[in-house]
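Understanding the architecture of this molecule
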Amino acid sequence: MHSAQAPADLSAQVAAICAAHLGREGPMLPILHDVQHAFGHVPEAALPVIALALNVTTAEVHGVVSFYHDFRDAPAGRHVVKICRAEACQAMGANDLADAAKARLGVDWHGTTTDGSVTLEPVYCLGLCACGPAALVDGVVVGRVDKARLDAILEEAGA
Amino acid sequence: MTGTRTIYVPRDAAARALGADAVAATLANNPDVTLVRNGSRGMIWLEPLVEVQDGDGPRMAYGPATAADIPAILDGTSDKALGPTDDLPSMKRQTRLTFQRVGVIDPLCLRDYEAHGGLVGLRRALAMSGTEIVTEVTDSGLRGRGGAGFPTGIKWNTVAGAEATQKYIICNADEGDSGTFADRMLMEGDPFTLIEGMIIAGLAVGATRGYVYLRSEYPDAIEAMQEAVEIARTSGLLGDVLGSGRLFDMEIRIGAGAYVCGEETSLLNSLEGKRGVVRAKPPLPALEGFLGKPTVVNNVISLATVPVILEKGAAHYRDFGLGRSRGTIPLQIAGNVRQGGLFETAFGLTLGEIVEDIAGGTATGRPVKAVQVGGPLGAYFPLSKFDTPFGYEEFDGQGGLIGHAGVVVFDETADMLGMARFAMEFCAVESCGKCTPCRIGAVRGVETIDRIGRGDAAAIPLLTDLCETMKDGSLCALGGFTPFPVMSALTHFPDDFAKAKEAAE
Ligand SMILES: Cc1cc2nc3c(=O)[nH]c(=O)nc-3n(C[C@H](O)[C@H](O)[C@H](O)COP(=O)(O)O)c2cc1C
Ligand code: SF4
Ligand code: FES
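This text gives an overview of the structure that appears in the document. These numbers come from a predicted model, not from an experiment.

1. Looking at the overall build of chain A
- Helix and strand counts for chain A come out as seven helices and four strands.
- Start at the N end of chain A and walk to the C end: the helices and strands fall as α-α-α-α-β-α-α-β-β-β-α.
- Principal axes of the C-alpha set define a box for chain A whose edges measure 50 × 35 × 20 Å.
- Out of the 159 residues in chain A, the part that is buried amounts to 53%.
- Summarising the internal contacts of chain A: among those between residues at least 6 apart in sequence, 60% fall at separations of at least 24.
- When the 10 positive and 18 negative side-chain charges of chain A are each reduced to one mean point, those points stand 7 Å apart.

Written as structure tokens, this is what we have:
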């Protein structure tokens, strides 16, 4: 992706987010979280604006964004379903559950259904390890997710 | 009805994941009861655990409750009745020090907090010198609960002795280990305890600023901590601490989904806004930590245990435990178990007691096959090691580690080759990329295990060699300890690594 010129309103919005955090020690992550919250992803065009505000290179900002699993460079589907892949959930059948989700949605991890309704993400532990398999659906925790529960979740998400 | 009636419905994420919000919704507009969203008592198999209290009477437990159970619970006819919460066998067997208030109080009510022993430790600390506080923590025998088990008092002493214009207290709330949720439960169920612990740490070492680095996977804990910090600030707990003229303030910072950022130097880089790459030590974070300043980095449970140590005295805490593992440990019992959850007890129970007695065996009813203790970098223990007592040195002596005290149980259907493969895959996904044996080795590890899975026994020695290389050539425990789950699976469950071969032949 070439570094596109930021539309003026995007630039202004990102600059305002940066300004709100500039007084803090280590403002980069709080800024990136807010940008992702505002746009649903961290747009390529936001990087030079952040770099300018923090007095670092765009490459540096890019390096930070790409390091962390949370930051996405494109918008997710309308619903984000995160299924725990970690050990305690595996002990309760998380692998089969994940396979069922992938099959039903027709996507692999990180994929978005063709109709844009659901993005499927892996997550490594939600701290719900005593009631696994666990999932996070649009930020809401769900425990003991069996196939029926999964179907209900995906049904509701319109997939 | 005489007197007031209080109904407790946990706001803990595990309770919510099992339907607590729907239960609470049926009570929200009921004029006859006061609804309190408490933390969880830790008995996750009983969640949502609803408690009913009339006046000052005992709290009566009901669970696992659904919204449909509420009418019968209110009129006393519910078949979900469990009796007084404090008399439940699982509660009576615990020694709750760090978690004394979790599940008991309204997590965001400072008055409730004080009514249950909160701020006693801080008030005592305010009357002590920094050196005296450090000595008290050292004498308690408290060791870091984040995994490495380093004595907390000794770490604080180093920071206290450093000269600097600014020092920091950083709480590691990244809790990435599978099978662990003690940090989460403490932050959701009793956040003021963590705040109090951080303030005491600040007084001890001369630090006036603190940060909690909290993983983004914990939306409920983030909300609770942020609200608690706001309340603490407006009530004069943070800022000019209880009007003492001593300053301490803190902020909650959110991680971004990288397991390695739980490693303390990677965490510092992340907090500074950089890639979460591990730093070489020395310099120790205690001397050159956040923004190059002397910094205490401690786990949530380490810091949240400090108030009770100051409240009850070092000796009270130290008197619990086994060998060099002093005090209590919040065991987190997870995976395929009948009775999963948090169980705080003195060090020293054997692994067998924990799995068979406290966890009640497997949820599926099938025999136990393996138990992974200490998160994704911890070894898989077979039944033959069930007599290992829960303690730092004791687990180390068996080629394992207790880490953050997660205990994950697997039944006989577990495929240990698959678990070994997952350990390597996880390392490959989460490697910070600094060392070749970790970054490349983990990818090779997955390939090698796949070869073994296809029946190529000649790949087994390759896997063993690769694990040696990773152990020797990794800067941190992600690359360095991934060989523990892999090699323990191979050593203790060789049949799972030979099955595929038989199938191929
Ligand atoms: C890969 C890796 C991940 C870690 N994750 C955590 C974590 O999530 N929480 C934590 O408290 N410590 C974690 N640690 C340990 C920290 O580096 C450090 O020892 C700890 O925060 C110190 O606090 P304590 O002395 O109170 O345990 C991790 C270490 C490694 C190598
Ligand atoms: S062992 Fe892995 S995670 Fe740790 S410093 Fe090296 S590359 Fe980074
Ligand atoms: S292992 Fe899945 S929630 Fe912890």
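2. Quick word on the sheet that holds strand β4 (residues 60-62) of chain B
All names here are of chain B.
- Strand order in this open sheet of five strands is β2-β1-β3-β4-β5, and the pairing throughout is mixed. The sheet terminates laterally at β2 (34-36) and β5 (81-84), the two strands that pair on one side only. Neighbour-to-neighbour, the strand axes of the sheet open up by a mean angle of 20 degrees, direction not taken into account.
- Two elements, strand β1 (residues 5-8) and β2, share three bridges in a ladder whose sense is parallel.

3. Notes on the interface of chain A and chain B
- Tallying the contact residues gives 38 residues for chain A and 64 residues for chain B.
- Around 3,700 Å² of area is buried between chain A and chain B when both sides are counted, 58% of it from carbon and sulfur atoms.
- Together, A:Glu25, A:Phe67 and A:Glu87 form the three largest contributors to the area buried by chain A at its contact with chain B, with a combined 20%.
- The interface formed by chain A and chain B contains three salt bridges.
- Ionic pairing is found between A:Arg85 and B:Glu425, a salt bridge with its closest N-O pair at 3.0 Å.
- The interface formed by chain A and chain B contains 25 residue pairs in polar contact (both at pLDDT 80 or more).
- Within the residue set of the side of chain A that touches chain B, elements represented by two or more residues are α2 (28-39), α4 (58-67), α5 (87-90) and β4 (140-142) of chain A.
- Looking at the side of chain A that touches chain B residue by residue, the class counts come to 22 nonpolar, nine polar and seven charged.

4. Describing the state of the cysteines
- In this structure the tally under the stated criterion is zero disulfides over all chains.
- Unpaired in terms of disulfides, A:Cys131 finds its nearest cysteine sulfur in A:Cys89, a separation of 8.0 Å.

5. Describing the packing of aromatic side chains
- Counting across every chain of the model gives 15 aromatic pairs over all chains.
- On the numbers, 4.9 Å between centres and 80 degrees between planes, the contact of B:Tyr168 with B:Phe290 is edge-to-face. Of this pair, B:Tyr168 sits in strand β6 (residues 168-173) while B:Phe290 sits in the loop between α12 (264-271) and β10 (295-299), placing them 122 residues apart in sequence.
- Note on B:Tyr168: relative accessible area 2%, which makes it buried.
- Seen in terms of ring centroids, B:Tyr380 and B:Phe410 are 5.7 Å apart; in terms of plane orientation they differ by 70 degrees. Their pairing is edge-to-face. Taken together, the residues B:Tyr380 in strand β16 (residues 380-381) and B:Phe410 in strand β17 (residues 406-411) connect sequence positions 30 residues apart.
- B:Tyr380 gets classed as buried once you look at its relative accessible area, which sits at 1%.
- Residue B:Phe410 is classed as buried on the basis of its relative accessible area of 2%.
- A connected cluster of aromatic rings, assembled from ring pairs, spans A:Tyr124, B:Tyr259, B:Phe422 and B:Phe426.
- Of note, B:Arg59 hangs over the ring of B:Tyr8, and the distance from its end group to the ring centre comes to 3.5 Å.

6. Section: the site of ligand 1
Residues and elements named next belong to chain B.
- Taken together, 18 residues lie around ligand 1, and Gly 146, Asn 172, Asn 298, Asn 299 and Ser 302 are the ones closest in.
- Residue Arg 145 places a main-chain N or O atom 3.3 Å away from an oxygen atom belonging to ligand 1.
- Within the backbone of Gly 262, one N or O atom sits 3.2 Å away from a nitrogen atom of ligand 1.
- For ligand 1, whose free accessible area comes to 610 Å², the fraction covered by protein is 91%.
- For the shell around ligand 1, the secondary structure elements donating two or more residues are β10 and α20 (477-481).
- If you tally residues by element for the shell around ligand 1, the top one is β10, at three residues.
- In terms of residue class, the shell around ligand 1 is built from four nonpolar, eight polar and six charged.

7. A closer look at the environment of A:Val42
Residue and element names in this part refer to chain A.
- For Val 42, the position within the fold is in the loop between α2 and α3 (46-54).
- Taking the C-alpha atoms as reference points, Val 42 and Phe 71, 29 residues apart in sequence, are found 6.5 Å from one another.
- If we skip the residues at most four places from it in the chain, Val 42 touches Leu 32, Val 35, Gln 36, Leu 47, Val 65, Phe 71, Arg 72 and Asp 73.

8. Structural notes on the site of ligand 2
- Neighbouring residues of ligand 2: 13 residues in total, closest B:Cys432, B:Lys434, B:Cys435, B:Cys438 and B:Cys476.
- When the residues that make up the shell around ligand 2 are grouped by side-chain class, the tally is eight nonpolar, four polar and one charged.

9. Describing the sheet that holds β4(A)
All names here are of chain A.
- Strand order in the open sheet formed by four strands is β2-β1-β3-β4, and the pairing between neighbours is mixed. Sheet topology places β2 (118-123) and β4 at the edges, where each strand pairs with a single neighbour. Each adjacent strand pair in this sheet contributes to an overall mean axis angle of 25 degrees, direction not counted.
- Direction of pairing for strand β3 (residues 135-137) relative to β4: antiparallel, over a ladder of three bridges.

10. Remarks on helix α7 (residues 130-140) of chain B
Residues and elements named next belong to chain B.
- Taken together, the buried positions of α7 are Gly 130, Ile 133, Val 134, Glu 136, Val 137 and Ser 140. The buried residues of α7 occupy an angular sector of 160 degrees when projected down its axis, which confines them to one face.
- Summarising the contacts, the buried residues of α7 are in contact with α6 (120-126), α8 (152-161), α10 (191-205), α13 (300-312), α14 (314-318) and β12 (325-326).
- Looking one or two residues past α7, Gly 141 carries a phi angle of roughly 80 degrees, positive in sign.

11. Let's talk about the nonpolar core
- Counting 160 residues, the largest nonpolar core has A:Ile50, A:Tyr68, B:Trp156, B:Leu194, B:Ile195 and B:Leu214 as the members making the most contacts within it.
- Counting residues per element, this core draws most heavily on α10(B), at ten residues.
- Excluding residues within four positions of it along the chain, A:Ile50 makes contact with A:Val14, A:Cys18, A:Met28, A:Ile31, A:Leu32, A:Val35 and A:Val61.
- In this structure, B:Ile354, B:Ala359, B:Phe381 and B:Phe395 belong to the second largest nonpolar core, which totals 25 residues.

12. Here we look at the side chain of B:Ser474
All names here are of chain B.
- Counting through the fold element by element, Ser 474 comes out in the loop between α19 (459-473) and α20.
- There is a polar contact of 2.7 Å between the side chain of Ser 474 and the backbone oxygen of Met 470.
- Apart from the residues within four sequence positions on either side, Ser 474 is in contact with Cys 435, Pro 437, Cys 438, Gly 479 and Gly 480.

13. Examining helix α7 (residues 147-156) of chain A
Residues and elements named next belong to chain A.
- Listed in full, the buried residues belonging to α7 are Leu 150, Ile 153 and Leu 154. The arc that holds the buried residues of α7, viewed along the axis, is 95 degrees, so those residues lie on one side. The exposed set on the far side of α7, more than 90 degrees from its buried face, consists of Ala 148, Glu 155 and Glu 156.
- For α7, the elements touching its buried residues are β1 (79-84), α6 (94-105), β3 and β4.
- Downstream of α7 by a residue or two, Gly 158 has a phi angle that is positive, lying close to 80 degrees.

About the criteria used
- Residues numbered from 1 in each chain as written.
- Chains lettered and ligands numbered in written order.
- Predicted model: local features only at pLDDT ≥ 70, side-chain atom pairs only at ≥ 80, totals over all residues.
- Heavy atoms only, no water.
- Helix = DSSP H or I, 4+ residues; strand = E, 2+ residues; numbered from the N terminus.
- Buried < 20%, exposed > 50% of the residue type's maximum accessible area, 1.4 Å probe, protein only.
- Contact = heavy atoms within 4.5 Å.
- Lys, Arg positive; Asp, Glu negative; His and termini not counted.
- Charge placed at Lys NZ, Arg CZ, Asp CG, Glu CD.
- Pairing = 2+ DSSP bridges.
- Axes fitted to C-alpha atoms, helices over the stretch in contact; angles between N-to-C directions.
- Buried area = accessible area lost by both parts, 1.4 Å probe.
- Salt bridge = Lys/Arg side-chain N within 4 Å of Asp/Glu carboxyl O.
- Polar contact = N/O pair within 3.5 Å; in protein donor to acceptor, adjacent residues only side chain to side chain.
- Nonpolar A, V, L, I, M, F, W, Y, C, P; charged D, E, K, R; others polar.
- Disulfide = S-S within 2.5 Å.
- Phe/Tyr/Trp six-rings, centres within 6.5 Å; stacked < 30°, edge-to-face > 60°.
- Lys NZ or Arg CZ within 6 Å of the ring centre and 35° of its normal.
- Near = heavy atom within 4 Å.
- Areas by Shrake-Rupley, 256 points an atom, 1.4 Å probe, with all protein chains shown as cover.
- Arc of directions from axis to C-beta.
- Core = buried A, V, L, I, M, F, W, Y, C linked by side-chain atoms within 4.5 Å.

Purely geometric numbers; function is a separate question.
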